[in-house]
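Geometric and topological summary
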Amino acid sequence: MPKPGKTGGHALLALLLSTSSFACTALPGPHPLPESTVWLGPAPRTENGRFVNPVGELLGGGNRVRIPFLWGRIKTTLRPRPGAPGTTDSATSYFRRSLQDVATQGVYSQGAPTVTWIGHATLLVEMDGVRFLTDPIWSKRASPLSWLGPARRVEPGISFDDLPQIDFVLISHNHFDHLDLPTLERIAERNPKATFYVPLGNAELLFERGITRVVELDWTQQATVQGVEIHCLPAQHWSKRGLTDTYATLWSSWAVIGKDRRFFFAGDTGYFAGFKEIGDALGPFDLAAVPIGAYEPTAMMHLSHMNPEEAVMAAVDVGARTAVAVHFGTFDLADEPLDEPPARFIEAATGSGSTPLEAWVLSIGEIRPF
Ligand SMILES: [Zn+2]
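None of the values given here were measured: they were computed from a predicted structure.

A word on the overall build of the protein. Summing up its helical and strand segments, the protein has nine helices and 14 strands in all. Residues classed as buried in the protein amount to 52% of the 370 residues present. Partitioning the contacts of the protein with sequence separation of at least 6, the portion at a separation of at least 24 is 73%.

Glancing now at the pairing of strand S8 (residues 228–233). Within S8, five of the six residues are buried, which leaves it mostly tucked inside the rest of the structure. Note that strand S7 (residues 222–225) and S8 share four bridges and pair antiparallel. In the strand pairing of S8, Thr 224 is matched with Glu 229. The hairpin formed by S7 and S8 contains two residues between the paired strands, and Gln 226 there has a positive phi angle of roughly 50 degrees. Sheet topology note: the S8/strand S9 (residues 253–257) ladder contains five bridges and is antiparallel. When the sheet's bridge partners are listed, Leu 233 is paired in S9 with Ser 253.

Turning next to the environment of Ile 158. Position of Ile 158 relative to the elements: it lies in the loop between strand S3 (130–134) and strand S4 (168–170). You can call Ile 158 buried: it has 23 C-beta atoms within 10 Å. As for Ile 158 and Leu 124, which are separated by 34 residues in sequence, their C-alpha atoms are 9.5 Å apart.

Attention now moves to the nonpolar core. Within the largest apolar cluster, 96 residues are counted, with the highest numbers of intra-cluster contacts made by Val 169, Phe 264, Ala 288, Val 290, Val 312, Ala 314 and Ala 315. Counting residues per element, this core draws most heavily on helix H8 (residues 308–317), at six residues. Once residues lying within four places of it in the same chain are set aside, the contact partners of Ala 288 are Phe 264, Ala 266, Ala 315, Val 318, Ala 320 and Ala 323.

Here the focus is unusual backbone geometry. With an omega of -5 degrees, the peptide bond between Gly 283 and Pro 284 qualifies as cis. With respect to the helices, strands and loops of the structure, Pro 284 is situated in the loop between helix H6 (274–282) and strand S11 (285–291). At the junction of Glu 296 and Pro 297, the peptide bond is cis and its omega measures out at 0 degrees in the coordinates. Counting through the fold element by element, Pro 297 comes out in the loop between S11 and helix H7 (298–301). Phi at Tyr 247 takes a positive value of approximately 65 degrees, unusual for a residue other than glycine. Structurally, the position occupied by Tyr 247 is in the loop between S8 and S9. Residue Tyr 247 is classed as buried on the basis of its C-beta count, with 20 C-beta atoms lying within 10 Å.

Right, let's get into the confidence of the model for the protein. Per-residue pLDDT for the protein averages 83, and the proportion of residues at 70 or more is 80%. In this model, residues 1–22 is a region of pLDDT below 50 whose contacts with residues beyond four sequence positions or in other chains number 38 contacts.

Considered for burial, the residues of helix H9 (residues 340–350) that qualify are Pro 341, Pro 342, Phe 345, Ala 348 and Ala 349. Each buried residue of H9 sits inside an arc of 130 degrees when the element is viewed along its axis, so together they form one side.

Read across the open sheet, the seven strands follow the order S7-S8-S9-S10-S11-S12-S13; overall the sheet is mixed. Strands at the two margins of the open sheet, each flanked by one partner only, are S7 and strand S13 (358–360). Ignoring which end each strand starts from, the neighbouring axes of this sheet average 20 degrees apart. Two strands pair when backbone bridges link them, and strand S10 (residues 262–265) and S11 are joined in this way by three bridges, in the parallel orientation. Counterpart to Phe 263 in the pairing with S11 is Leu 287.

Turning our attention to the sheet that holds strand S6 (residues 214–217). Working definition: the strands of a sheet are paired by backbone hydrogen bonds and lie parallel or antiparallel to each other. In spatial order, the strands read S6-S5-S4-S3-S2-S1-S14; together these seven strands make up an open sheet with mixed pairing. Each edge of the open sheet is held by one strand with a lone partner, namely S6 and strand S14 (367–369). Each adjacent strand pair in this sheet contributes to an overall mean axis angle of 20 degrees, direction not counted. Two elements, strand S1 (residues 114–119) and strand S2 (residues 122–127), share five bridges in a ladder whose sense is antiparallel.

Conventions used here
- The written sequence of each chain sets the order in which its residues are numbered from 1.
- Selection of residues for local features in this predicted model requires a pLDDT of at least 70, selection of side-chain atom pairs for listing and counting requires 80 or more, and totals for whole chains, interfaces and linings are taken over all residues.
- The numbering of helices and of strands both runs from the N terminus, where a helix is a DSSP run of H or I of at least 4 residues and a strand a run of E of at least 2.
- Burial is judged by counting the other C-beta atoms within 10 Å of a residue's own C-beta: 20 or more makes it buried, 12 or fewer makes it exposed, and any count in between marks it as partly exposed, with every C-beta position built from the backbone.
- Contact between two residues is assigned when their C-beta atoms, built from the backbone, lie within 7 Å.
- For two strands to be treated as a pair, DSSP must find at least two bridges joining them.
- The term nonpolar core means buried Ala, Val, Leu, Ile, Met, Phe, Trp, Tyr and Cys residues held together as one set by C-beta atoms within 7 Å.
- Looking at any residue, its pLDDT shows the predictor's confidence there, from 0 to 100.
- Think of it as the arc spanned by the lines of direction from the helix axis to the C-beta atoms.
- Here an axis means a line fitted to C-alpha atoms, over the contact stretch when the element is a helix, while the angle between two N-to-C directions is reported on a 0 to 180 degree scale.

And the structure:
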């Protein structure tokens, strides 16, 4: 049974004082970005040991943007916006395919390279003889509290009990919609040999929950699992879970490189020059998972999240043959309409220019060979 964790007064205070911390949404003030920054190297740190993006602190939006945004978030937490997908089936084709379809697809034992969208940034990937999850969250809320915070609007694409055995888990950063401790505990319990890969500074959180097989990596460090390379790579983002830990732990993207397939997981990130560097160093990729949601209001979001057009650019930059969209349609985290990101993503990829990109918007629960 999952431990209750720190869900008392501390968590509530954190939630009330900084609603931006429960689901990676907001950052303060604007910032010019130098063009000549090099991303591919160890993550820079400030004098006080906090991590920082190579372009400096990510700032976006003053109180005139933040306060209405946060008020809107509180309202949608209490009552779903019109058009938000339901908590079970949805008439909207983007959001759901029946679990029956998933159960009968039965491809996991065949060893073919496949990707399944569980919802939000959670993917189940099978390639080169390994099976792994990205930013797994099966919880009903992306929040430190079980009773308050952004609610899951669509059930996970595969129920937790139907998950096949997992070899490893990739975690991009500590925001609650990406690092969900109750889910990680369940995975560790069911998969005692699974290793959890996290960017620097995040292992402690897992150790505290009794998860011991944790590997912390810095940007450009790598590990090997069953002959498959795992690369920790830059992302343009930030971190925060409590009141005083902004930028205290690192954020990252990940590449998984086997003999047969090359996969890139962008994590949670703004569009940044590092994608090109990653593509030059490790591309091309057969499949890149790119976040396409949580981009409005632009003044607050654009340095830490990509819009659908930027997600297409990112996939092209890393040299992806195919891009699969994530980070939308599951939790209502930002101001754009919930069905806008996938439509814009497909549209942008259609016009992606001289480098043809195949863009996938999976239904939640859909599995596809790649
Ligand atoms: Zn985030």
